[in-house]
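Residues per chain, in single letters:
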Amino acid sequence: MSTTRAYRARGPNARSKRTRERIMEAVRELLAEGRFHESTVEQVADRAGISRATLYQHFRSRLDLVDAICDTFAVNPALFAIRESVMLEDPERALAETIANTVLFWSSEDAVLAQLYGVVAIDPAARALVERQRQDRSEELERLVGQLQRAGRLPDGLSRARAHARAMVLTGYGTYRELRESGLSDREITAELQQTARTLLLRA
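Residues numbered from 1 in each chain as written. Predicted model: local features only at pLDDT ≥ 70, side-chain atom pairs only at ≥ 80, totals over all residues. Heavy atoms only, no water.

1. Brief notes about the packing of aromatic side chains
Here comes step 1: Within this structure, the stated rule accounts for six aromatic pairs.
Here comes step 2: With a centroid separation of 5.8 Å and 85 degrees between ring planes, the pair formed by Phe73 and Phe105 is classed as edge-to-face. Placement of the pair is Phe73 in helix 4 (residues 62–73) and Phe105 in helix 6 (residues 91–108), with a sequence separation of 32 residues. Across the pair, exposure class does not vary: Phe73 and Phe105 are buried alike.
Here comes step 3: Through a chain of ring-to-ring contacts, three or more aromatic side chains come together here, namely Phe73, Phe105, Trp106, Tyr117, Tyr173 and Tyr176.
Here comes step 4: Seen from the ring of Phe36, Arg62 lies directly overhead, with NZ or CZ sitting 4.5 Å from the centre. (Phe/Tyr/Trp six-rings, centres within 6.5 Å; stacked < 30°, edge-to-face > 60°. Helix = DSSP H or I, 4+ residues; strand = E, 2+ residues; numbered from the N terminus. Buried < 20%, exposed > 50% of the residue type's maximum accessible area, 1.4 Å probe, protein only. Lys NZ or Arg CZ within 6 Å of the ring centre and 35° of its normal.)

2. Structural notes on the side chain of Thr171
Here comes step 1: As for its placement among the helices and strands, Thr171 is situated in the loop between helix 9 (160–170) and helix 10 (173–181).
Here comes step 2: Among the polar contacts listed, one links the side chain of Thr171 to the side chain of Arg137, at a separation of 2.9 Å.
Here comes step 3: Look past the residues within four positions of Thr171 in its chain and what remains in contact with it is Ile99, Thr102, Trp106, Arg137 and Leu141. (Polar contact = N/O pair within 3.5 Å; in protein donor to acceptor, adjacent residues only side chain to side chain. Contact = heavy atoms within 4.5 Å.)

3. With respect to helix 10
Here comes step 1: When helix 10 is considered as a whole, its buried residues turn out to be Tyr173, Tyr176 and Leu179. Taken down its axis, helix 10 places every buried residue within 130 degrees of arc, on the same side. Away from its buried face by more than 90 degrees, helix 10 exposes Glu178 and Glu181.
Here comes step 2: Contacts made by the buried residues of helix 10 are with helix 6, helix 7 (110–118) and helix 11 (186–201).
Here comes step 3: Directly beyond the C-terminal end of helix 10, a positive phi value near 105 degrees is found at Gly183. (Arc of directions from axis to C-beta.)

4. A few points about the packing of helix 10 against helix 11
Here comes step 1: Helix 11 packs onto helix 10 with a crossing angle of 125 degrees between their chain directions and a minimal axis gap of 10 Å. Between helix 10 and helix 11, the interaxial angle falls into the category oblique. When the axes of helix 10 and helix 11 are compared, the crossing they make is right-handed. Facing helix 10, whose interface residues are Thr175, Tyr176, Leu179 and Arg180, helix 11 presents Asp186, Ile189 and Leu193.
Here comes step 2: Across the contact of helix 10 with helix 11, the residue classes break down as four nonpolar, one polar and two charged. (Axes fitted to C-alpha atoms, helices over the stretch in contact; angles between N-to-C directions. Parallel < 35°, antiparallel > 145°, perpendicular 65-115°, else oblique. Left-handed = near helix turned anticlockwise from the far one by under 90°. Nonpolar A, V, L, I, M, F, W, Y, C, P; charged D, E, K, R; others polar.)

5. Remarks on the packing of helix 6 against helix 7
Two numbers describe a pair of packed helices, the interaxial angle and the distance between the axes.
Here comes step 1: Following both chains from N to C, one finds helix 6 and helix 7 inclined at 80 degrees, their axes separated by 5 Å at the closest point. Between helix 6 and helix 7, the angle is such that the two are roughly perpendicular. On the side of helix 6, the interface is formed by Phe105, Trp106, Ser107 and Ser108, while helix 7 contributes Asp110, Leu113 and Tyr117.
Here comes step 2: By residue class, the composition of the contact of helix 6 with helix 7 is four nonpolar, two polar and one charged.

The structure is reproduced here in structure tokens:
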């Protein structure tokens, strides 16, 4: 009897998880197709093959859907690697690997992010995601710049605030896209940004 109860308790949770996964897949597909910013919650439900009522059991709005997409980024291995690289003991290596892993993250999510960043001015849901990403990145870079400062590696006269601003520019998605559209490969972008970071953020 206890086995039956345990099975029944797991059943709805497993179904709920699968439903959320289908919804997220639908959102990602619509984003990759450049159609999400024009889509209603009802259209997302249709794409996921569920009823509108079922979707609303999981997400109350398009803003919640985009917020959930941001949560899926959190399990991207490249994002884990960024957090680990920021904390490396050698500050120069930390800087180089943070740049490399950031490029890897932007590249791995480019199809989705290109759409979200492209409609940020007109879509509140996209704007919220971009701001959340920016805040998360800012916090990681604060830690990295702090390490560079404590190690005495920042150039003379460069304040921590200005160093942080430079790091934000170097690791921004807009910077990545500009270099990508100029024809550079991810490997070339990484090398370019690492060299620029050494010039702008490390004492000669």
